[in-house]
Amino acid sequence: MPATCVVGLQWGDEAKGKIVDILGDKHDFVVRYNGGANAGHTVVWGDRKFALSLLPTGVLKPHVKSVIGNGVVVYPPRFIEEVEKLRSGGVSVGANLVVSEHAHTIFPYHMEEERLAEADGDGKIGTTGRGIGPCYQDKVGRRFGVRVGELLHPKHLRERLNYIVPFKNRILAAFGIGAKAFDANQLCDEYLGYAEFLKPHVADTPKLLNDALAAGKNILFEAAQGSLLDIDHGTFPYVTSSSSLPSGIWPGSGVPARAVSRIIGILKAYTTRVGRGPFPTELDDGPDGIGNRIRTIGREFGTVTGRPRRVGWFDAVAARYTATLADVDVISIMLLDVLSGLKELKICTAYELDGERITHFPSDSFRLERCKPVLETVPGWSEDITTARKLADLPAAARNYVDRIAGILGKKVAFVSVGPDRDQTIVP
Ligand code: GDP
Ligand code: IMO
Ligand code: MG
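For clarity, every value in this text was computed on a predicted model and none was experimentally measured.

## Notes on the pattern of salt bridges
Opposite charge on two side chains makes pairing possible when the charged atoms of those side chains draw close. The tally for this structure, following the rule as stated, stands at 23 salt bridges. Between Lys 16 and Glu 14 there is a salt bridge; the shortest N-O distance is 2.8 Å. Each member of the pair, Lys 16 together with Glu 14, is buried. When the shortest N-O distance is used, the salt bridge between Arg 78 and Glu 82 registers 3.2 Å. In this pair, Arg 78 and Glu 82 are both assigned in helix H2 (residues 76-88), four residues apart and thus about one turn of the helix distant.

Structure representation (structure tokens):
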């Protein structure tokens with residue numbers, strides 16, 4: 001059976017969680033293939049709200065197998081905390097949650113390295129502070145990386161940490177700004193405790209997933225972050241350290257790309273970004289401006305860090321770039337309700353770069369930084385659209401706005417979202 005991928009086409013927080021939750025009902029597996037607890041995916045069911053960070057959104061449904069793929073980086077205390085929080089909220093989590101033995105492990109020295117690196121004003125990326133970058137560095141560097149499966153072998157883990165931690169302490173001290181030092185044996189004891197909790201969930205997930213495909217099961221891949229944060233194709237260096245595009249599925253889960261036959265690109269009806277980096281359509285127009293209005297109505301504050309998200313107009317140049325790279329079949333337009341009440345809306349259809357008009361996306365941050373948006377003005381609408389359940393319920397201006405975005409991208413619309421609840425969804 002073919003697999004589907006839900007992928008964000010902006011800088012994250014496009015409301016992927018909501019769509020994964022809706023589609024999860026029809027899938028046997030929901031799989032995360034990249035990132036870690038830097039993600040924050042929100043699901044709203046009536047008066048219940050869940051925010052998943054490290055765990056796949058499918059974990060809310062006991063009949064779905066939720067898999068943390070080998071491409072994910074796992075901080076065990078966070079894994080335990082999220083599982084326990086769900087259990088205390090009445091969600092049963094057991095054999096339905098699986099973590100790859102090849103996923104890499106985040107240790108406190110990763111977070112410390114990130115804290116020290118981010119303290120340097122010039123080098124600051126504005127990360128989530130979850131140890132993501134340093135852990136992926138250790139994975140790619142091979143020497144210091146520890147996979148989740150290694151936590152289950154006490155003697156081996158102690159030897160590994162006794163080799164790694166002295167190096168880490170020297171590296172951290174070299175930052176020269178009051179670094180913490182770590183004790184290998186203490187860390188080992190701590191992680192062996194976590195390993196007891198993790199053990200029943202650890203498995204050979206590429207085998208599990210490929211066997212499932214062979215048996216005709218349905219798999220849904222849940223990307224974390226957004227395509228503009230992809231390590232290769234995003235706005236480097238203001239990106240995350242993994243492949244958030246669907247190209248991350250094969251290395252990050254062991255499921256061959258050919259198995260993925262449907263890719264759904266998720267877009268907010270406007271644009272947001274957390275952290276540093278270029279953002280051509282940013283609305284930096286003060287406390288009484290449209291940017292702040294959208295931030296307030298859209299509750300645009302980070303799920304993970306609580307930081308106010310930067311807000312801007314819909315950037316069709318960026319979206320066309322990511323829709324192409326992600327090879328999306330269809331798009332979903334989310335948070336359309338947030339734009340209600342604005343007299344007119346703007347869509348960025350081109351950039352001015354050094355006096356020249358361009359319609360392609362220069363993904364180098366240093367060039368993108370110099371791009372000025374060319375904005376098309378379209379009429380807004382004043383009606384509250386949160387109760388709309390079909391396209392015909394939307395005011396003509398809202399329908400035109402959706403059609404304009406779909407038209408520029410040349411993609412069909414699979415979902416239009418008019419509120420956080422899973423019921424506040426239009427399937428055209
Ligand atoms: P993700 O990281 O892509 O899963 O997105 P987040 O969960 O970080 O951010 C999306 C936010 O928008 C969450 O707070 C959702 O509950 C909320 N949300 C989702 N869809 C809609 C919508 O159509 N309208 C409004 N107003 N909020 C929405
Ligand atoms: P979801 O899955 C929005 C951003 C950070 C920072 C950059 C690097 O909820 O869409 P990192 O901690 O990954 O090294 O930070 O990436 N970032 C996100 N922004 N949504 C996310 O995830 C993000 N995950 C990372 O703010 O700019
Ligand atoms: Mg999020």
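## Section: the coordination of the magnesium ion (ligand 3)
Looking at the metal site, the magnesium ion (ligand 3) is ligated by Asp 13 (OD) and Gly 40 (O), spaced 2.0 to 2.2 Å from it. Of this pair, Asp 13 sits in the loop between strand E1 (3-8) and helix H1 (16-24) while Gly 40 sits in the loop between strand E2 (29-32) and strand E3 (41-45); the two residues are 27 residues apart in sequence, bridging distant segments of the chain. According to the relative accessible area criterion, Gly 40 is buried, its value standing at 13%.

## Details of the sheet that holds E1
The mixed open sheet is built from 10 strands, whose spatial order is E9-E7-E5-E2-E10-E1-E11-E15-E19-E20. Each having just a single partner strand, strand E9 (202-203) and strand E20 (425-426) make up the two edges of the open sheet. When strand E7 (residues 97-100) meets E9, the two strands line up parallel, connected through two bridges. Bridging across to E9, Ser 100 finds its partner in Ala 203. In the packing of H1 onto the sheet, contacts are made with E1, E2, strand E10 (219-226), strand E11 (260-268), strand E15 (330-334), strand E19 (412-417) and E20, and the angle to E10 comes to roughly 175 degrees.

## Focus: the site of ligand 1
The local shell around ligand 1 holds 19 residues, among which Lys 16, Gly 40, Thr 42, Asp 337 and Ser 417 are the closest. The separation between an oxygen atom of ligand 1 and a polar main-chain atom of Glu 14 is 3.1 Å. Backbone polar atom of Gly 17 to an oxygen atom of ligand 1: 2.8 Å apart, as the coordinates give it. The fraction of the free accessible surface of ligand 1 (580 Å²) that becomes covered by protein chains is 94%. Under a 2 Å grid-point criterion requiring more than half of the atoms, the pocket assigned to ligand 1 is the second largest pocket.

## Section: the domain arrangement of the protein chain
The domain boundaries assigned to the protein chain delineate domain 1 (3-99 + 202-264), domain 2 (104-198) and domain 3 (267-426). Averaged C-alpha coordinates put domain 1 and domain 3 at centres separated by 24 Å. Summed over both sides, the interface between domain 1 and domain 3 buries roughly 3200 Å², with carbon and sulfur atoms accounting for 61% of that surface. Taken as a group, Leu 9, Trp 11 and Lys 18 account for 23% of the area that domain 1 buries against domain 3, more than any other trio of residues on that side. At the surface where domain 1 touches domain 3, the tally comes to three salt bridges. Note that Asp 13 and Arg 309 form a salt bridge whose closest N and O atoms lie 3.0 Å from each other. At the junction of domain 1 and domain 3, the tally comes to 21 residue pairs in polar contact (both at pLDDT 80 or more). Considering each element in turn, the side of domain 1 that touches domain 3 owes the most residues, five residues, to H1. Here the side of domain 1 that touches domain 3 is composed, by residue class, of 21 nonpolar, 12 polar and seven charged.

## So, unusual backbone geometry
Across the junction of Phe 236 and Pro 237, the peptide omega takes the value 5 degrees, indicating a cis bond. Phi is positive for Arg 299, which is not a glycine, with a value near 45 degrees.

## Let's talk about helix H3 (residues 108-118)
Counting buried positions along H3 yields eight of 11 residues, so the element is predominantly enclosed. Every buried residue belonging to H3 is among Pro 108, Tyr 109, His 110, Glu 112, Glu 113, Glu 114, Leu 116 and Glu 118, and all of these are buried. At its buried positions, H3 is contacted by strand E8 (104-105), helix H4 (132-141), helix H5 (154-174) and helix H6 (184-198).

Analysis parameters
Residues numbered from 1 in each chain as written. Chains lettered and ligands numbered in written order. Predicted model: local features only at pLDDT ≥ 70, side-chain atom pairs only at ≥ 80, totals over all residues. Heavy atoms only, no water. Salt bridge = Lys/Arg side-chain N within 4 Å of Asp/Glu carboxyl O. Buried < 20%, exposed > 50% of the residue type's maximum accessible area, 1.4 Å probe, protein only. Helix = DSSP H or I, 4+ residues; strand = E, 2+ residues; numbered from the N terminus. Donors = N, O, S within 2.8 Å, 3.2 Å for Na, K, Ca; no water. Pairing = 2+ DSSP bridges. Contact = heavy atoms within 4.5 Å. Axes fitted to C-alpha atoms, helices over the stretch in contact; angles between N-to-C directions. Near = heavy atom within 4 Å. Polar contact = N/O pair within 3.5 Å; in protein donor to acceptor, adjacent residues only side chain to side chain. Areas by Shrake-Rupley, 256 points an atom, 1.4 Å probe, with all protein chains shown as cover. 1 Å grid on protein atoms, 1.4 Å probe; cavity = no way out; pocket = protein on both sides within 12 Å on 5 of 7 lines; lining within 4 Å. Sits in = over half its atoms within 2 Å of the grid points. Domains from an automatic or database assignment. Buried area = accessible area lost by both parts, 1.4 Å probe. Nonpolar A, V, L, I, M, F, W, Y, C, P; charged D, E, K, R; others polar.

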